[in-house]
Amino acid sequence: MSNLNLSEQELIRRKSLDELRKLGINPYPAAEYKTNAFAQDILDNYSPEKNNFQDVCMAGRLMNIRIMGSASFAEMMDSSGRIQIYIRRDDICPGEDKTMYNTVFKHLLDIGDIIGIKGRVFKTQMGEITIHVNEFTVLCKSVRPLPVVKEKDGILFDAVTDPEMRYRQRYVDLIVNPQVRDVFRKRTRIIQSLRELFNSKGYLEVETPVLQPIPGGAAARPFITHHNTLDIPLYLRIANELYLKRLIVGGFEGVYEFAKDFRNEGMDRTHNPEFTVMEIYIAYKDYNWMMSFTEELIKKAALDLHGKTEIIYGDNLINLNPPYKRISMIDSIKDNTGIDISGMDEEEMRKVCDRLGVPHSPEMGKGKLIDQIFGEKCEHNYIQPTFIIDYPTETSPLTKMHRSKPGLTERFELMINGKEIANAYSELNDPIDQMERFQDQLHLSEKGDDEAMFIDQDFIRALEYGMPPTSGMGIGIDRLTMLLTNQPSIQDVLLFPQMKPETLKVKAESQKEEYIELGIPEEWIEPLKKLGFITIAKIKEVEKPGKLANDLNGFNKKNKLGLSGLSPEAVGSWLK
RNA sequence: CGGCCCGUAGCUCAGCUGGUAGAGCACGUGACUCUUAAUCAUGGGGUCGAGGGUUCGAGCCCCUCCGGGCCGACCA
């Protein structure tokens, strides 16, 4: 009955499954399969002169099968790549019994199945490095047909490009689009590169709470959840900043964490509800030091990934070789708009916004207005890496006041390709100033800003014991990965980007008993369902029993079911 | 939240002014011992995203909904 929902190809593969079992072959064996070679290693290192790889054993997925009578070529893909294999009937079946080739290989194996092979490597007349197989083992039968992507001269045919399928069924994407695996290998290499640098300096990798009673450290709307035993609300973290700084108070010299953060906000090409941020805090440093460190880190990541600092993103050629340009936010606005906003009050700023066509609203303070102008008129112009420094106090409540510029803070953001890549400060460690900044945030919250920060009393208490002068920095790992792997969407650097739930096509089918109650012979239930009458209600809607009888008899004949014919009267009796 | 586009066989896509659903690959059967987008012959496979409406008749026109993409808004 469940077979009703299966396609023809799925039914055939399930039948092959049974056939294999009948031949005594377990399609899902448990035993370890010991391999001694990978496709890429063979392709890179085989040479006929050395006559190496003459006793290889490898495992992988069948991606293509070309049968030519008693010999066949196929392609097998393992974690390293694809390689061609050559299978000859009389090698596989040296004796009289040719079942393993004629039946198992030719008929019961399909594209998508996973097998193990033993054989020797050689070069075909066409010059392709190939494994001559003398034994194969079924390791996993695939019962769902894989999209078949073909390739010639680097051109892909029928490539799976549908974003919905690629993101929802990432496993399929990874199988048929090998360059996708490469992006995620690179993502991991980027993270490793940063971790190596931090560890080489003796900084400590730590873990801090994801479930937080007060979602602090950033301005964003959190996800809320509930703890049953404690009977309190908890928030999924929007940042880990305040916890890492507590650890600096505790005496660690440098701490860092690769953290999943969660923000209950919009989704687009650069935003996913959960995302990864690396934050690092180092005692006795300031934001100037941190700028140099950030340069070092970005350069290292680029070199580890590409071996050079020039990268291409979209149409832009970007050079990540330090030093990067440094410009204050005020100067940036001056450069990009010709307007010097230094010393202006809030009213003057509003007029500037109007003149520039920058949208603003009454609850925005001076700092927010500056931020707004920068975001609209400046940010997108910084394609080459540029540090924007010295941000307004109002929008930087965790940042130390600038040592010489009143009203500003010691903060920088690194812009690359017109996007923020990193954000860092000389951390505010004055507990009394910090308390006042939190209270300012509270006022913003009362004015209706639902992103204003909460007051974290325990964090204040920690600062009261004394936090050394510290610089902290955060990097969006997803966006850094997009940049370094030239991917246009955050979904392309997340293995499982957030999607709306798939609406499962679970059709409400009536039970067999309900059909029988109507007097419908059991053998006619399946044909009825095949014709779309999956519920009793559907049958009751039929107005012409003659037509239904005719359709059913036609179905019987077409599918050679061999059932005795139905009269219109018999069908009519079901409908009463 | 607004604008535009998309949803047809397992996959990639055609489908004319509304007139009985097509191709390639994949799949079944047969042939073939160095092929490679293998080839040749032959056969099957569809609730055209879902639901309504207009019509003698809808994959196509209208409405609603679901899912996806791009752009903008909001948001860092």
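Each chain carries its own residue numbering, running from 1 in the written order of its sequence. Key to labels: chains lettered from A, ligands numbered from 1, both in the order written. Whole-chain, interface and lining totals are the exception, using all residues; otherwise, since this is a predicted model, local features are given only for residues with pLDDT of at least 70 and side-chain atom pairs are given and counted only at 80 or more. Values shown for side chains rest on all heavy atoms present in the structure; no hydrogens or waters enter the calculation.

## Some remarks on the overall build of chain A
Moving on, step 1. Each helix and strand in chain A was counted, giving 20 helices and 20 strands.
Moving on, step 2. Counting the 576 residues in chain A, one finds 47% classified as buried.
Moving on, step 3. Contacts: residue pairs with any heavy atoms within 4.5 Å of one another. Contacts spanning at least 24 positions in sequence make up 62% of the contacts within chain A whose residues lie at least 6 apart.
Moving on, step 4. Working note: accessible area of chain A is about 29,600 Å², and carbon and sulfur atoms make up 51% of it. Here a helix means four or more residues in a row that DSSP labels H or I, a strand means two or more in a row labelled E, and each is numbered from the N terminus. Accessible area is worked out with a 1.4 Å probe on protein chains only. A residue is then buried under 20% of its type maximum, exposed over 50%, and partly exposed in between. All accessible areas in this document rest on Shrake-Rupley with a 1.4 Å probe, and a residue is counted as covered only by the protein chains that are shown.

## A word on the nonpolar core
Moving on, step 1. Definition used in this section: a nonpolar core is a set of buried Ala, Val, Leu, Ile, Met, Phe, Trp, Tyr and Cys residues joined via side-chain atoms within 4.5 Å. Counting 44 residues, the largest nonpolar core has Phe-198 and Met-473 as the members making the most contacts within it.
Moving on, step 2. Ranked by residues supplied to this core, first place goes to helix H9 (residues 287-306) with nine residues.
Moving on, step 3. Other than its neighbours up to four places away in sequence, Phe-198 contacts Tyr-203, Tyr-256, Phe-258, Met-278, Ile-280, Phe-293 and Leu-297.
Moving on, step 4. Grouped together as the second largest cluster of nonpolar side chains are 34 residues, Ile-85, Tyr-101, Phe-122 and Val-138 included.

## What to know about the sheet that holds strand E5 (residues 129-140)
Moving on, step 1. Two strands form a pair only when DSSP identifies at least two bridges running between them. Strand order in the closed barrel made by the five strands is E1-E2-E3-E5-E4, with mixed pairing throughout. Geometrically, the sheet is characterised by an average inter-axis angle of 50° between neighbouring strands, direction not taken into account.
Moving on, step 2. Where strand E1 (residues 56-68) and strand E2 (residues 71-78) come together, seven bridges link them in antiparallel fashion. Among the inter-strand pairings, Met-68 is bridged to a residue of E2, identified as Ala-71.
Moving on, step 3. Helix axes use the C-alpha atoms of the stretch in contact, all axes being lines fitted to C-alpha atoms, and the angles between their N-to-C directions lie in the range 0 to 180 degrees. Sheet strands in contact with helix H4 (residues 99-108) are E1, E2, strand E3 (81-88) and E5, and its direction is about 80° off that of E1.

## Structural notes on the sheet that holds strand E11 (residues 232-236)
Moving on, step 1. If you trace the three strands from one edge of the open sheet to the other, you get E9-E11-E10, paired in antiparallel fashion. At either margin of the open sheet sits one strand with a lone partner, and together these are strand E9 (211-212) and strand E10 (224-227).
Moving on, step 2. Where E9 lies against E11, two bridges are found, and the strand directions are antiparallel. Residue pairing for E11: Gln-212 is matched across the bridge by Tyr-235.

## Concerning the packing of helix H1 (residues 8-22) against H4
Moving on, step 1. Two numbers describe how H1 lies on H4: the axes approach to 11 Å, and their chain directions differ by 160°. Taken together, H1 and H4 sit at an angle that is classed as roughly antiparallel. Relative to H4, the crossing made by H1 is left-handed. Counted together, Ser-16, Glu-19 and Leu-20 of H1 and Val-104, His-107 and Leu-108 of H4 form the full contact between these two elements.
Moving on, step 2. Gly is placed with the polar residues, together with every amino acid not listed as nonpolar (Ala, Val, Leu, Ile, Met, Phe, Trp, Tyr, Cys and Pro) or charged (Asp, Glu, Lys and Arg). Tallied by class, residues from the contact of H1 with H4 come to three nonpolar, two polar and one charged. Roughly parallel means an angle under 35 degrees; roughly antiparallel, over 145; roughly perpendicular, 65 to 115; everything else is oblique. Two helices that cross are described as forming a left-handed crossing if the nearer one is turned anticlockwise from the farther one by less than a right angle, and a right-handed crossing if clockwise.

## As for the pairing of strand E13 (residues 274-283)
Moving on, step 1. Counting buried positions along E13 yields nine of ten residues, so the element is predominantly enclosed.
Moving on, step 2. Across seven bridges, E13 lies against strand E20 (residues 470-476) in antiparallel orientation. Counterpart to Tyr-281 in the pairing with E20 is Gly-472.

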